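The lines below spell out each chain.
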Amino acid sequence: MQNMTSNSPAGQSARPVMIEARHIVKSFGANRVLDDVSLTLEQGEVVAVIGPSGSGKSTFLRCLNHLETIDEGSIEIEGETMAAAVPGGRSQYASDGDVRRICRKMGMVFQSFNLFPHMTVLQNIIEAPITVKGMTRAQIVPKAEELLRKVGLSNKRDNYPTRLSGGQKQRVAIARALAMEPDIMLFDEPTSALDPELTGEVLRTMKQLADERMTMLVVTHEMGFAREVAHRVIFMDDGRIVEEAPSAEFFAAPQHARSREFLAHML
């Protein structure tokens, strides 16, 4: 697959393309939620997807990770086709086994944490590597403990989720996703359920990942994160990408009237 360089982080040369989504269409009944949406995400790039509620941002992320299926268009992850565009028809997916394998290249963090309440923090982190990847407890526990140090929660190793704050739960959810060693991290409004103080904890963890060159696609309402951490901003409205630009350019001088209107309400 040909590398695309136009959206690379400043000062970087050509990078491998990690996600290539082309002409995505998704409807729920008569409601077209995604209308010809395309995105290229390069290795090490952080892209923030912003826009009003109901604009299709979260649905787009869920389509990339096969939590929703697309009606039309194509999705390639690291050069492997998950869904192909078929002339005159619906998108055609790879085999179930190939789709599951391709999706394991991506970790996803949801706004609602989705931790198992009957498992400790450590058990939440090691469950998927053991059941999905076949790792032994001896193999994964040291990595899980290192991830807990990374997100600042070593002292919560044996706690149950009910004993954690919202910010702590979300940082455990990030550690859990990282335990599967994904090449790409998808974040679906990871701070929307948190108060401002706890939001800061999670955003610091995400910024650390960005500093380590993790490839990240982040649906967010946090304009500060989008401006300071993202290399590029995509603004969606009514199921379409209205504007796409390097983050500094987007926040300094948005080109589209709808983008300007949105920022005026958010900043």
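Just above sits the structure.
Quick caveat: nothing in here was measured; it's all calculated off a predicted structure. (Residues numbered from 1 in each chain as written. Predicted model: local features only at pLDDT ≥ 70, side-chain atom pairs only at ≥ 80, totals over all residues. Heavy atoms only, no water.)

> Could you give me a rundown of the pairing of strand S2 (residues 31–42), with the residues and numbers involved?
Burial analysis of S2 places 9 of its 12 residues in the buried class, the great majority of the element. The sheet contact formed by strand S1 (residues 17–28) and S2 spans 9 bridges and is antiparallel. In the sheet register, Lys-26 faces S2, and the bridge partner there is Leu-34. In textbook terms, the turn of a hairpin is the stretch between consecutive antiparallel strands, and for S1 and S2 this stretch comprises 2 residues, one of which, Gly-29, has a positive phi near 65°. (Buried < 20%, exposed > 50% of the residue type's maximum accessible area, 1.4 Å probe, protein only. Helix = DSSP H or I, 4+ residues; strand = E, 2+ residues; numbered from the N terminus. Pairing = 2+ DSSP bridges.)

> Provide a residue-level description of helix H5 (residues 166–179), including the pertinent values.
In this model H5 runs 20 Å from its N-terminal to its C-terminal C-alpha over 14 residues, within 8% of the 20 Å that 1.5 Å per residue would give. With 13 of its 14 residues buried, H5 lies for the most part within the structure. Glu-181 sits one or two positions beyond H5 and adopts a positive phi of about 55°. (Expected span 1.5 Å × (residues − 1).)

> Please provide a residue-by-residue account of the sheet that holds strand S3 (residues 46–50), values included.
Across the sheet, which stays open at both edges, the 6 strands sit in the order S7-S8-S9-S3-S10-S11 with mixed pairing between neighbours. In the strand order of this sheet, the two ends are held by strand S7 (106–109) and strand S11 (240–246), each with one partner. Sheet twist, expressed as the mean angle between neighbouring strand axes with direction ignored, is 15°. Of the strand pairs in this sheet, S3 and strand S9 (residues 215–219) are connected by 4 bridges, and their pairing is parallel. Counted as the bridge partner of Val-47 is Leu-217 from S9. Running over the sheet, helix H6 (residues 196–211) touches S3, strand S8 (184–188) and S9 and is turned about 145° from S9. (Axes fitted to C-alpha atoms, helices over the stretch in contact; angles between N-to-C directions. Contact = heavy atoms within 4.5 Å.)

> Which residues make up the nonpolar core, and what values go with them?
Nonpolar side chains tend toward joint burial in soluble globular proteins. Counting 49 residues, the largest nonpolar core has Ile-174, Met-185, Phe-187, Met-206 and Met-216 as the members making the most contacts within it. The greatest single-element share of this core, amounting to 7 residues, is contributed by H5. With residues up to four places along the chain from it excluded, the contact list for Met-185 reads Gly-107, Val-109, Ile-174, Ala-177, Leu-178, Met-214, Thr-215, Met-216 and Leu-217. If you look at the next biggest cluster of nonpolar residues, it comprises 31 residues, including Ile-75, Ile-77, Ile-184 and Met-236. (Core = buried A, V, L, I, M, F, W, Y, C linked by side-chain atoms within 4.5 Å.)

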